[in-house]
2 protein chains.
Amino acid sequence: MRSGRVRIKDIAAEAGVSVTTVSYILNKTPTQTFSPETVKSVLDAANKLGYVPNMAAKALVSNRSHMIGVVIPQTEQHREVMFSNPFYGDFLSSVEYTARQNGYHILISGTNADQTYIGVARTRGLDGIIILGMYMEQHYDEIKKAGMPVVLVDCYVDGHDFNTVKIDDLQGGYMAAKYLLDKGHRRIAHVTGRLKERGVNQQRMYGWKKALEEAGAAYDRSLLYDGEVSYEYGVILGGRLAESFRESGVTAAFVSADIMALGLYKGLKDGGVSVPGDISVVSFDDTWIAGICDPALTVVRQDVALKGKTAVEAVLGIIDGGITEKREIILPIRIVERGSVIGK
Amino acid sequence: MRSGRVRIKDIAAEAGVSVTTVSYILNKTPTQTFSPETVKSVLDAANKLGYVPNMAAKALVSNRSHMIGVVIPQTEQHREVMFSNPFYGDFLSSVEYTARQNGYHILISGTNADQTYIGVARTRGLDGIIILGMYMEQHYDEIKKAGMPVVLVDCYVDGHDFNTVKIDDLQGGYMAAKYLLDKGHRRIAHVTGRLKERGVNQQRMYGWKKALEEAGAAYDRSLLYDGEVSYEYGVILGGRLAESFRESGVTAAFVSADIMALGLYKGLKDGGVSVPGDISVVSFDDTWIAGICDPALTVVRQDVALKGKTAVEAVLGIIDGGITEKREIILPIRIVERGSVIGK
């Protein structure tokens, strides 16, 4: 949008003052005072030229690190974080962008066994922390006690002790199964990641189960296919679903993540089962990959970019606004119909 | 690897001293002094119990931040970084993991118009910086002068002024086109991102051109389809390729990124052109999405995870080892044959 970086010396020339004076004024150096006219002429010149104050200046004024930590889940300790799932890429892009527009940088980290979220945040002097998909019970007390701005994303905790940003995952699972039931399907499998206590997958599974039970459709453990949220596990579970296809009577599957659905397609195809001819599929998330497969995925859509943006705004609200009451922000979801479901 | 986190109080109990004493000693608090015997008993206890010193303690000892900055490219200023391309996700996963295993955290950032890479690094007290795909001429001098540990990834610069990690992109482009030529194709389109000076796409294009010229195959500007490296641009360029399919005589395409190749599939399919029946495709990178499309992509494979790991090790080598000579690390590439190419 702008043609070049505005330098201190450009502002000095425009305002007709020295470079030092501009520097002092823009950095609000406490030991230096200037006349209101001089301050105004410098600020006007800076404004006219489109100068954006740098982080160092901001930090001097606010005594803050202007860093937010983002803790990303790992499936196992000492393993890589799961960026291969586009959900995390989309989320992180949005977090980084929103933070940057507010003058913040992002420290990302998986955590090893010897590190705690709060320990890292304290060591780093972080102003706040966004934790995505936390499960371990032991951390709740630590975070509660720390009195640090924290926003938990995609985490189900009791009571009003935390600031949270999430969707209604139970409702999402319910919507997916209900959509398939309304299309005439009765034997609906659920393909998902690990069903951890307080995790999103558990909630989505509860929603699926609730819809089946309400409709008087069969629900049994044999309909549940759980593994890890990955393409590879999608392939494996798709293979299992294909293997039991004839005797199971399954005509539809609700899959808890797009990346697993893509794997499921592959596993089903390799097993001679077609989508949607033999099995209809409803996925979850609506990341960019949902539209690229064939047939394109009917999904429960959540706005992952909005989730990232909201998480940053929530943590900045606590940092800047001193918000003290705990807030639970629930973002909307909806069904997006594409080609992976047919009526029965 | 370890069964539980060792706490300060465990060490205190083991050493027979107070928690405060342990804390002071482990954190090397400068205002507190203890007898050598006390220090030894605490350190022995910490060692025996497998205590891992925290980052704060390390920083005190080494006077380092133990943070590495990773600068991620943006297509435009004030836009989101491009994590939707799996290349970046794979790269960043590996960088984060390798850094964490070495006791470092990662600060990620796009850059706005008012920020320079080095400015951010200085403000943040970063120990080193990894810059991915830098193009702007103005930054070279700044980085050269800064005397900060910097590793440039996927960037073609002259001389020996920088530490770089890359592949031989020209050779990669050559391999792709040569592979198609050897299969009997003569009219080979090239689908790519913006051909920036010193960027990887320019090099890959040169390689493609070189192979065509060597083989005496037609090369003209109409065979070059350039846009942005994205799925959407792949669709657009695939549409154009399909439109001119009959008159152009094109029977193969070399695509500079997997994500564009997926889009190309879609654009070609929508235009009634089949892969590989009508047009054979060779892609570049071999991210996880290369294997999921139908037909799976024949690619010039680079090891993206190794690239991330190597970049971190290179920057740590400068930080820890005081390596001063500039090194250019070229990682291997190879063709992986899948189903997207047929002989002609």
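Remember, it's a predicted structure, so these values are computed and weren't measured experimentally.

Criteria and thresholds
- Residues numbered from 1 in each chain as written.
- Chains lettered and ligands numbered in written order.
- Predicted model: local features only at pLDDT ≥ 70, side-chain atom pairs only at ≥ 80, totals over all residues.
- Heavy atoms only, no water.
- Helix = DSSP H or I, 4+ residues; strand = E, 2+ residues; numbered from the N terminus.
- Buried < 20%, exposed > 50% of the residue type's maximum accessible area, 1.4 Å probe, protein only.
- Contact = heavy atoms within 4.5 Å.
- Areas by Shrake-Rupley, 256 points an atom, 1.4 Å probe, with all protein chains shown as cover.
- Arc of directions from axis to C-beta.
- pLDDT = per-residue confidence, 0-100.
- Pairing = 2+ DSSP bridges.
- Axes fitted to C-alpha atoms, helices over the stretch in contact; angles between N-to-C directions.
- Domains from an automatic or database assignment.
- Buried area = accessible area lost by both parts, 1.4 Å probe.
- Salt bridge = Lys/Arg side-chain N within 4 Å of Asp/Glu carboxyl O.
- Polar contact = N/O pair within 3.5 Å; in protein donor to acceptor, adjacent residues only side chain to side chain.
- Nonpolar A, V, L, I, M, F, W, Y, C, P; charged D, E, K, R; others polar.
- Parallel < 35°, antiparallel > 145°, perpendicular 65-115°, else oblique.
- Left-handed = near helix turned anticlockwise from the far one by under 90°.

(A) Geometry of the overall build of chain A. Tallying secondary structure elements over chain A gives 13 helices and 12 strands in all. When burial is assessed residue by residue, chain A has 55% of its 344 residues classed as buried. Long-range pairs, those at least 24 residues apart, make up 71% of the contacts in chain A with a sequence separation of at least 6. Taken as a whole, chain A presents about 14,400 Å² of accessible surface, with 49% of it coming from carbon and sulfur.

(B) Focus on helix H1 (residues 8-15) of chain A. Residue and element names in this part refer to chain A. Of all the residues in H1, the buried ones are Ile-11, Ala-12 and Ala-15. Projection of H1 onto a plane perpendicular to its axis shows the buried side chains occupying an angular sector of 100 degrees, all on one side. Exposed side chains of H1 directed beyond 90 degrees from the buried face belong to Lys-9 and Ala-13. On its buried side, H1 packs onto helix H2 (19-26) and helix H3 (36-49). The positive-phi residue at the C-terminal boundary of H1 is Gly-16, with phi of around 70 degrees.

(C) Examining the confidence of the model for chain A more closely. Residues and elements named next belong to chain A. In the predicted model, chain A carries a mean pLDDT of 85, and the fraction of residues at 70 or more is 86%. Below a pLDDT of 50 lies the segment residues 54-61, which in the model reaches 16 contacts outside its immediate sequence neighbourhood of four places, other chains included. Taken together, the chains of this predicted complex give a pTM of 0.78 and an interface ipTM of 0.74.

(D) Local environment of the pairing of strand S5 (residues 163-167) of chain B. All names here are of chain B. Of all 5 residues in S5, 5 are buried; the element is thus mostly enclosed. The alternating pattern of S5 places Asn-163, Val-165 and Ile-167 and Thr-164 and Lys-166 on opposite faces, both of which are buried. Taken together, the 3 bridges between strand S4 (residues 150-153) and S5 define a ladder with parallel strand orientation. When the bridges of S5 are listed, Val-153 appears paired with Val-165.

(E) Summary view of the sheet that holds strand S9 (residues 280-285) of chain A. Residues and elements named next belong to chain A. Strand order across the open sheet formed by 6 strands is S7-S6-S8-S9-S10-S12, with mixed pairing between neighbours. Of all strands in the sheet, those bounded by a partner on one side alone are strand S7 (224-226) and strand S12 (333-336). The mean angle between the axes of side-by-side strands here comes to 15 degrees, regardless of whether they run parallel or antiparallel. In terms of strand pairing, strand S10 (residues 298-302) meets S12 through 4 bridges, oriented antiparallel. Counterpart to Val-300 in the pairing with S12 is Ile-335. Along the sheet face, helix H12 (residues 258-270) touches strand S6 (188-192), strand S8 (252-255), S9 and S10 and points at about 155 degrees away from the line of S9.

(F) Structural view of the domain arrangement of chain A. All names here are of chain A. Each domain of chain A was delimited in the assignment, giving domain 1 (8-53), domain 2 (67-167 + 305-328) and domain 3 (169-303). Each of domain 2 and domain 3 has a C-alpha centre, and these two points are 28 Å apart. Between domain 2 and domain 3, the residue contacts involve 18 residues of the former and 19 residues of the latter. Roughly 1,700 Å² is buried in total at the junction of domain 2 and domain 3, and carbon and sulfur atoms are behind 54% of that figure. On the surface where domain 2 and domain 3 come into contact, there are 0 salt bridges. Seen at the junction of domain 2 and domain 3, the total is 7 residue pairs in polar contact (both at pLDDT 80 or more). Only helix H5 (86-101) and helix H13 (304-321) provide two or more residues apiece to the side of domain 2 that touches domain 3. Taken together, the residues of the side of domain 2 that touches domain 3 sort by class into 10 nonpolar, 3 polar and 5 charged.

(G) Quick peek at the packing of helix H2 (residues 19-26) of chain B against helix H3 (residues 36-49) of chain B. Residues and elements named next belong to chain B. In the contact formed by H2 and H3, the axes pass within 10 Å of each other and the chain directions differ by 85 degrees. Compared by their axis directions, H2 and H3 come out roughly perpendicular. On H3, the residues that touch Thr-21, Val-22, Ile-25 and Leu-26 of H2 are Thr-38, Val-39, Val-42, Leu-43 and Ala-46. In terms of residue class, the contact of H2 with H3 is made up of 7 nonpolar, 2 polar and no charged.

(H) View of the packing of helix H8 (residues 169-182) of chain A against helix H9 (residues 200-214) of chain A. All names here are of chain A. Running from N to C, H8 and H9 point in directions that differ by 40 degrees, and their axes come no closer than 6 Å. Considering the angle they form, H8 stands oblique to H9. The handedness of the crossing between H8 and H9 is right-handed. Listed contacts from H9 to Asp-169, Leu-170, Gly-173, Tyr-174, Ala-177, Lys-178 and Leu-181 of H8 are Val-200, Gln-203, Arg-204, Tyr-206, Gly-207, Trp-208, Lys-210, Ala-211, Leu-212 and Glu-214. Residues belonging to the contact of H8 with H9 are distributed by class as follows: 9 nonpolar, 3 polar and 5 charged.

(I) Quick peek at the side chain of Gln-302 of chain B. Residue and element names in this part refer to chain B. With respect to the helices and strands, Gln-302 occurs in strand S10 (residues 298-302). A polar side-chain atom of Gln-302 sits 2.7 Å from a polar atom in the side chain of Lys-307. Sequence-distant contacts of Gln-302, that is, excluding residues within four places in its chain, are made with Phe-87, Ile-167, Arg-204, Phe-284, Asp-285, Lys-307, Pro-332 and Ile-333.

(J) Structural view of the pattern of salt bridges. Residue and element names in this part refer to chain A. One pass over the structure, following the stated rule, counts 30 salt bridges over all chains. Between Asp-286 and Arg-301 there is a salt bridge, with its nearest N and O atoms 2.8 Å apart. A residue pair is termed long-range when its members are at least 10 positions apart, and Asp-286 in the loop between S9 and S10 and Arg-301 in strand S10 qualify at 15 residues. Its relative accessible area of 12% is what places Asp-286 among the buried residues. Since its relative accessible area comes to 24%, Arg-301 is described here as partly exposed.

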